[in-house]
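Overview (structure and organization)
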Amino acid sequence: MPGVTKKEIITNNLNSFIKNLNDVFNPFSKVISKNIYKGTDKIKNIRDIKKISIDYSILEEFFILSKILGYINSKKTFFRPSEFSKEINIFDLEFHEAINYLTTKELIDINTVEEITEEIRNNFIWMKKSNDLEVTKKIFNQLERHMENGGTFKSFKEDIKAYLDKSGLGQDGYYLQNVFRTNLMSAYNAGAYKQQMEVTDDFPYWMYDSVIDDGTTETCKKLDGVIYRADDPIWDSIYPPNHYGCRGAVIPLSYEDIKENNYKVSKQKFDLDLKEFEGNPAKHYFENLKTNVAKKDKEVDFLATKLEIIENAKPYMEKFEVNKFKPSLEREITKKINKRLGNDSVISHKSMQAYGSTGFSRDGRVTNITFKTGDKRSTESKIKTMFHELFHASANDYKNLVYHELEETMAETIGTYLAEAHGAVYKEISNSYIEILVDSLPKLKKLEQFKSARTISDFGKKLLEIGRTDMLALLDKNTVMFKEIRNPQKLVDYILKYDLDIIKSSEIKDIYKKFITNSLKGKYSDEVIENYFNNNYNKFIEKIEKKDYSINSYEAIHFINALFKKEVL
């Protein structure tokens, strides 16, 4: 077939590969979706979702075959197409039959096949982990939406197949298509990359080749036809695939190819937002997977902890306006929460100084979660306290708790974040542990992970994402430790970090008054509280302006609490 160009050979081979994938996708998706349904049957609670393990052995075999095909088809670029026998769809064959066919009929030796197979067998665990976590994350996301609409884990589990289908995890689902095509195209290109790297002495230039049709992305249109030396670092950024469904390929060129076709070596540099396709997947595929697994694992832990806390709070949220539970109601709610916590803890109310507390037994189990009887604070503040204590309880074992100041910083900020996420008005939430927050939040703000945090909720969301164990490691790495600040001088100095126009604003005054009033309700009449505030507010502000350290620490803490409600942390 004289006159057939390298581009035509590459395109024909790629189209044939894609067609063969399309032909076997349906049986692949049938096997994987069945495995996913089977995995979800074992789920008994929210934490079990993370334990889902799916058999991807069919994908592992297809991945090996795809990389081998990529290697072979790249090699075919240097030969006349008429020299090859008629192609068959090797994905239709049993794996050992496909390997036998490729090593006897195609341009690859058994040593290369064994090298590719061993590499993938040794590293496929990372692809499995990545896909398991992605499936888990999709299920968590569906569960979160279900719970936001008033559902429970139990009702979600009863209809889980429908939610799996919505997430593209059912037969022929969109997500399974992405997993199938993206992974196998990555393997195909990795095979091509391996072969091209073996011949760079004879073919020192590479051309990016895109299939141009209605489905071509702007990224591939920009890259189509660009030529760089094979050792140019740009290939570490643009070697395909560069997006889901990418059909980009690379054509190796010799000096003669450049001269005969009057090709120009590109000097253009590209600023492309390739997201998770950043880098050269053909060169660092499994290294990238390992990095992504660590990232996904944290995301899944965040969702698991968050949804567990929310699920445990559900029966409480339903009756939250009731200040003192009747024994029958308390038993009913206790039973529900105890079942979710998986232990014999007791939810109760009693007269005490703290608004909430969580107790652990000597062997580490949660034994009681107690809330204050006669709590006069806003409903928002009560909900925050509930989430605060449920975060402590989420440790499941007191050995998993971190040191006091960090544990309370996490519980208070995460409690605020979850309360606000459930409709609580941020400015109505009266925070506790201000003496710790005035020390911990500024220190956290200096760390890269918290630079964008502006509210207590912002800190809470980030702390929940990071988790207890990683926060300990992060603080140890940065030699950051938190303290409890009770010194009036340091409290005044902290207040003066804010601009005076904020300190003296009517907005802060109103929030401050609300917090003072709620803290004194039940102890004094409304008239006494009103007089107390009016007589002391102006004196308090004057002392702050004069940097007078003889202030009342109780008032300073409530005032800082009000300042925290401004988005200026």
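The following refers to the structure shown. (Residues numbered from 1 in each chain as written. Predicted model: local features only at pLDDT ≥ 70, side-chain atom pairs only at ≥ 80, totals over all residues. Heavy atoms only, no water.)

Points about the overall build of the chain
The line we're drawing: Starting at the N terminus, helices and strands are each numbered in turn, a helix being any DSSP run of H or I of at least four residues and a strand any DSSP run of E of at least two. Each radius of gyration is computed over the set of C-alpha atoms, and the globule rule expresses the reference value as 2.2 Å times the number of residues to the power 0.38. The buried label applies to any residue whose accessible area, calculated with a 1.4 Å probe on protein chains only, is under 20% of its type's maximum; exposed applies above 50%, and partly exposed to all values in between. Contacts are assigned to residue pairs that have any heavy atoms within 4.5 Å of one another. Residue burial considers only the protein chains on display, and all accessible areas are found by Shrake-Rupley using a 1.4 Å probe. Charge convention: Lys and Arg are scored as positive, Asp and Glu as negative, and His as well as the terminal groups of each chain are ignored. Just so you know, the charge point we use is NZ for Lys, CZ for Arg, CG for Asp and CD for Glu.
Counting secondary structure elements, the chain contains 22 helices and 6 strands. At 31 Å, the chain has a C-alpha radius of gyration far larger than the 25 Å of a compact globule built from 569 residues. If one aligns the C-alpha atoms of the chain with their principal axes, the spans along those axes are about 100 × 55 × 40 Å. Across the 569 residues that make up the chain, the buried fraction comes to 53%. The contacts of the chain with a sequence gap of at least 6 include a subset with a gap of at least 24, amounting to 75%. For the chain, the exposed area adds up to about 27400 Å²; of that, 48% sits on carbon and sulfur atoms. Where the 88 positive side-chain charges of the chain centre and where its 87 negative ones centre are 5 Å apart.

Remarks on the pairing of strand 1 (residues 205-209)
Basically, it comes down to this: Pairing between strands requires that DSSP locate at least two bridges from one strand to the other.
Taking burial as the measure, the 5 residues of strand 1 include 5 buried ones, the bulk of the element. As paired elements, strand 1 and strand 2 (residues 227-229) share 3 bridges and run antiparallel to each other. Pairing of Tyr205 across the sheet is with Arg229, part of strand 2.

Here's the deal with helix 21 (residues 526-545)
Heads up, the rule is: For a helix, the expected span equals 1.5 Å multiplied by the number of residues minus one. Bend, at a single residue, is the angle you get between axes fitted to the 7 residues ending at that residue and the 7 residues starting at it.
With 20 residues, helix 21 should reach 28 Å at 1.5 Å per residue; the first-to-last C-alpha distance of 29 Å fits that figure. At Asn536, helix 21 shows its strongest bend, of approximately 30 degrees. The set of residues buried in helix 21 consists of Ile529, Phe533, Tyr537, Phe540, Ile541 and Ile544. Looking at the buried residues of helix 21, the elements they touch are helix 18 (488-495), helix 19 (500-503), helix 20 (506-520) and helix 22 (553-563). Of the residues flanking the end of helix 21, it is Lys547, one or two places downstream, whose phi is positive at about 60 degrees.

Considering the environment of Leu14
Here Leu14 lies in helix 1 (residues 6-40). Owing to a relative accessible area of 2%, Leu14 belongs among the buried residues under this scheme. Taking the C-alpha atoms as reference, Leu14 lies 59 Å from Thr385; in sequence the two are 371 residues apart. Those residues in contact with Leu14 that lie beyond four places of it in its chain are Met185, Tyr188, Val211 and Arg247.

As for helix 3 (residues 95-105)
Note the cut-off: Throughout, the arc means that of the directions going from the helix axis to the C-beta atoms.
Taken residue by residue, helix 3 has Phe95, Ala98, Ile99, Tyr101 and Leu102 as its buried positions. Down the axis of helix 3, the sector holding all buried residues measures 160 degrees, keeping them to one side. Those residues of helix 3 that are exposed and angled more than 90 degrees off the buried face are His96, Thr104 and Lys105. Summarising the contacts, the buried residues of helix 3 are in contact with helix 2 (57-75) and helix 4 (110-148).

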